[in-house]
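Survey of secondary and tertiary structure
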Amino acid sequence: MNYVAMKYIENPLIIKNRKFDIRQWILVTELVPLKIYFYNECYVRFSAEEFDIAQFHNRFAHLTNNAIAKYS
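Here's a quick rundown of the structure. (Residues numbered from 1 in each chain as written. Predicted model: local features only at pLDDT ≥ 70, side-chain atom pairs only at ≥ 80, totals over all residues. Heavy atoms only, no water.)

**Observations concerning the sheet that holds strand E1 (residues 13-15)**
- Spatially, 3 strands are ordered E1-E2-E5 in an open sheet, and the strand pairing comes out antiparallel. Looking at the sheet topology across the chains shown, the edges are occupied by E1 and strand E5 (43-46). Here the average twist between neighbouring strands, direction ignored, is 45°.
- As paired elements, strand E2 (residues 18-23) and E5 share 4 bridges and run antiparallel to each other. Residue pairing for E5: Arg-23 is matched across the bridge by Tyr-43. (Pairing = 2+ DSSP bridges. Helix = DSSP H or I, 4+ residues; strand = E, 2+ residues; numbered from the N terminus. Axes fitted to C-alpha atoms, helices over the stretch in contact; angles between N-to-C directions.)

This is the structure in structure tokens:
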């Protein structure tokens, strides 16, 4: 049985008025006993534009996806 788990953060993380997310990978191979492997490297992605909750439709301020940010 394979699963991919992600957690959406309801209260966004913001640095210098830009949203960001942190990508970290782990692998759970056993539940009993619990066996978890962490990938040592992770990375941070920032939004292309400053965050403003009033501009909800501005995807460049709300999304940190590189495929979207490259068009900003």
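**Examining the environment of Trp-25**
- Of note, Trp-25 is situated in the loop between E2 and strand E3 (26-31).
- Look at Trp-25 and you get partly exposed, because its relative accessible area is 41%.
- Once the C-alpha coordinates of Trp-25 and Asn-40 are considered, the two residues, 15 residues apart in sequence, prove to be 8.3 Å apart.
- Excluding residues that lie within four positions of it along the chain, Trp-25 makes contacts with Tyr-37, Phe-38, Tyr-39, Glu-41, Cys-42 and Tyr-43. (Buried < 20%, exposed > 50% of the residue type's maximum accessible area, 1.4 Å probe, protein only. Contact = heavy atoms within 4.5 Å.)

**Description of the side chain of Asn-58**
- In this fold, Asn-58 is placed in the loop between E5 and helix H1 (59-62).
- At a separation of 2.9 Å, a polar atom in the side chain of Asn-58 contacts the side chain of Glu-49. (Polar contact = N/O pair within 3.5 Å; in protein donor to acceptor, adjacent residues only side chain to side chain.)

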